[in-house]
Amino acid sequence: MFKYDNIVSKVCLVIIMKGIIVMIDIKLKTFITVSQTKNFTKAANILNMTQPAISQHIKFLEQYYKVKLFRKSKNKIELTSQGEFLYQNALELDRLSKFIENSLENSTSFIKKYRLGASLTIGGFTIPNLISTYMNKNPNIDIILTIDNTENIVNKLLDGNIDLGAVEGPFDKTKVKYTTFKKDELILVASPKHPFAGRGEVNVEEVLRDKLILREKGSGTREVFEKYLIKSGHMLTDEHIHMEISNISATVSLVCENLGCTVISKEAVKEQLKKGTLIRVPIKGFNMKREFNFIYKGNKEPEFSKDFMSFCKEATSND
């Protein structure tokens, strides 16, 4: 039986350097990467290291903590219980290291840099103008925007790669703190040339039989639509999906060209609906509402995050 407290204290000693700067040890970085890829070769490629160097780092950690961190299972490796414990703590230390590094850099710089992650709908259509306006009002603040799907934005926040996130659709609310940004609605849209165009409404069975163009798995939009389908007694399968697209603009362009229909955020097609290049087609019995949420780590919002979130909520309160 090993002592968890002993592992935690040793990990802390590894990353505290001269009591001033916290920087995660390269061996723990290697361990995190191997834990995530479950493959020494993939980890070596990601870290631009040789596989023997990866093996040496893991061997060092196992000897240092006097525990076995991985076990072989068929054609892959898996974390032992001790390895899982070290992995969770190493992730938190990595996040803390990045936070301290960024905070110390900001403390000595006139221009304060903050990292914002946003899911595709928010990042592409909702928040860019808000960032621009906020930075014009706060010339000493520079916001670096990363856009990805909801699942990846949550992971980036947990890994310490962003300071604040803005996501659409479901996410694990036990892992992060969150506050509502604004309300959103998902709608079915099609080209004016589409057979649905002359209809007052369509039923969900017709939608699933049509050439349905959807976002990739992991996107908030896709997850919300699937949940509404399940509530109505339907299950989305690969047979229902005509195209799977990770880019929202490409999805909109394909639908405008009458190559299919899509379920999408109303925010993303405001201009097309105004111009008449797309039309909204109500789905009988479906009223797909959702929330845009800000997500952050810690028990309370960091000062920048609190101010920026308040600004965004006020600016969009009449939308």
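It should be noted that the structure appears before, not after, this text.
Residues numbered from 1 in each chain as written. Predicted model: local features only at pLDDT ≥ 70, side-chain atom pairs only at ≥ 80, totals over all residues. Heavy atoms only, no water.

A.B. asks: Would you mind going over the pattern of salt bridges with me for this structure?
C.D. replies: Note that side chains of opposite charge can pair when their charged atoms are close. Throughout the structure, instances matching the rule amount to 17 salt bridges. For Lys270, the salt bridge is made with Glu267, and the minimal N-O distance between the two is 3.3 Å. When its relative accessible area of 39% is taken as the criterion, Lys270 is described as partly exposed. The structure contains a network of salt bridges with shared partners spanning Glu168, Asp184, Arg215, Glu216 and Arg290. (Salt bridge = Lys/Arg side-chain N within 4 Å of Asp/Glu carboxyl O. Buried < 20%, exposed > 50% of the residue type's maximum accessible area, 1.4 Å probe, protein only.)

A.B. asks: Could you clarify how one ought to interpret the side chain of Glu62 in this entry?
C.D. replies: You can see Glu62 is positioned in helix α4 (residues 51-65). A polar atom in the side chain of Glu62 sits 2.9 Å from the backbone nitrogen of Leu69. Other than its neighbours up to four places away in sequence, Glu62 contacts Val67, Lys68, Leu69 and Phe70. (Helix = DSSP H or I, 4+ residues; strand = E, 2+ residues; numbered from the N terminus. Polar contact = N/O pair within 3.5 Å; in protein donor to acceptor, adjacent residues only side chain to side chain. Contact = heavy atoms within 4.5 Å.)

A.B. asks: Help me understand the environment of Thr33, please; the structure alone is not making it clear to me.
C.D. replies: Residue placement: Thr33 occurs in helix α2 (residues 26-37). The class of Thr33 is buried, set by a relative accessible area of 8%. Separated by eleven residues in the primary sequence, Thr33 and Ala44 have C-alpha atoms spaced 8.8 Å apart. The contacts of Thr33, once residues within four sequence positions are left out, are Ala43, Ile46 and Leu47.

A.B. asks: It is not clear to me how the packing of helix α7 (residues 128-137) against helix α13 (residues 303-315) should be interpreted in this structure. Could you clarify?
C.D. replies: The relative placement of two packed helices comes down to the angle between their axes together with the axis-to-axis distance. At their nearest, the axes of α7 and α13 sit 11 Å apart, and the two run at 120 degrees to each other. Taken together, the axis directions place α7 and α13 in an arrangement best described as oblique. Remark: the crossing between α7 and α13 carries right-handed chirality. Packed against α7, whose contacting residues are Leu130, Ile131, Thr133, Tyr134 and Lys137, the element α13 presents Phe304, Asp307, Phe308, Phe311, Cys312 and Ala315 at the interface. Across the contact of α7 with α13, the residue classes break down as eight nonpolar, one polar and two charged. (Axes fitted to C-alpha atoms, helices over the stretch in contact; angles between N-to-C directions. Parallel < 35°, antiparallel > 145°, perpendicular 65-115°, else oblique. Left-handed = near helix turned anticlockwise from the far one by under 90°. Nonpolar A, V, L, I, M, F, W, Y, C, P; charged D, E, K, R; others polar.)

A.B. asks: Looking at this structure, I do not really get the environment of Val176. What am I missing?
C.D. replies: With respect to the secondary-structure elements, Val176 resides in the loop between β7 (164-168) and β8 (177-190). On a C-alpha basis, the gap between Val176 and Leu158 in space is 7.8 Å, while along the polypeptide they are 18 residues apart. Ignoring anything within four residues of it in the chain, the contact list for Val176 reads Leu157, Leu158, Phe171, Ile295 and Tyr296.

A.B. asks: How do you make sense of the nonpolar core when you look at a structure like this?
C.D. replies: One broad trend across soluble globular proteins is that nonpolar side chains are buried collectively. Formed by 22 residues in total, the largest nonpolar core has its most connected members in Leu188, Leu212, Phe225, Phe286 and Met288. The leading source of residues in this core is helix α10 (residues 220-231), at four residues. Excluding residues within four positions of it along the chain, Phe286 makes contact with Val204, Phe225, Tyr228, Leu229 and Ser232. Membership of the second largest hydrophobic core comes to 21 residues, among which are Leu116, Phe294, Phe304 and Phe308. (Core = buried A, V, L, I, M, F, W, Y, C linked by side-chain atoms within 4.5 Å.)

A.B. asks: What exactly am I supposed to notice about empty space enclosed by the protein here?
C.D. replies: Think of a ball as big as a water molecule: rolled over the atoms, this probe shows where empty space is left. Taken as a whole and assessed by the stated rule, the structure comprises one cavity of 30 Å³ or more. Of the voids in this model, the largest cavity is the one considered here, and its volume is about 40 Å³. Forming the boundary of the largest cavity are Thr121, Arg215, Thr221, Ile248, Thr251, Val263, Ile264 and Ser265. At the level of elements, α11 (248-256) and β11 (262-265) are the ones that each hand at least two residues to the lining of the largest cavity. Ranked by residues supplied to the lining of the largest cavity, first place goes to β11 with three residues. Residues belonging to the lining of the largest cavity are distributed by class as follows: three nonpolar, four polar and one charged. (1 Å grid on protein atoms, 1.4 Å probe; cavity = no way out; pocket = protein on both sides within 12 Å on 5 of 7 lines; lining within 4 Å. Points joined across faces, edges and corners; volume = space filled by probe spheres on them.)

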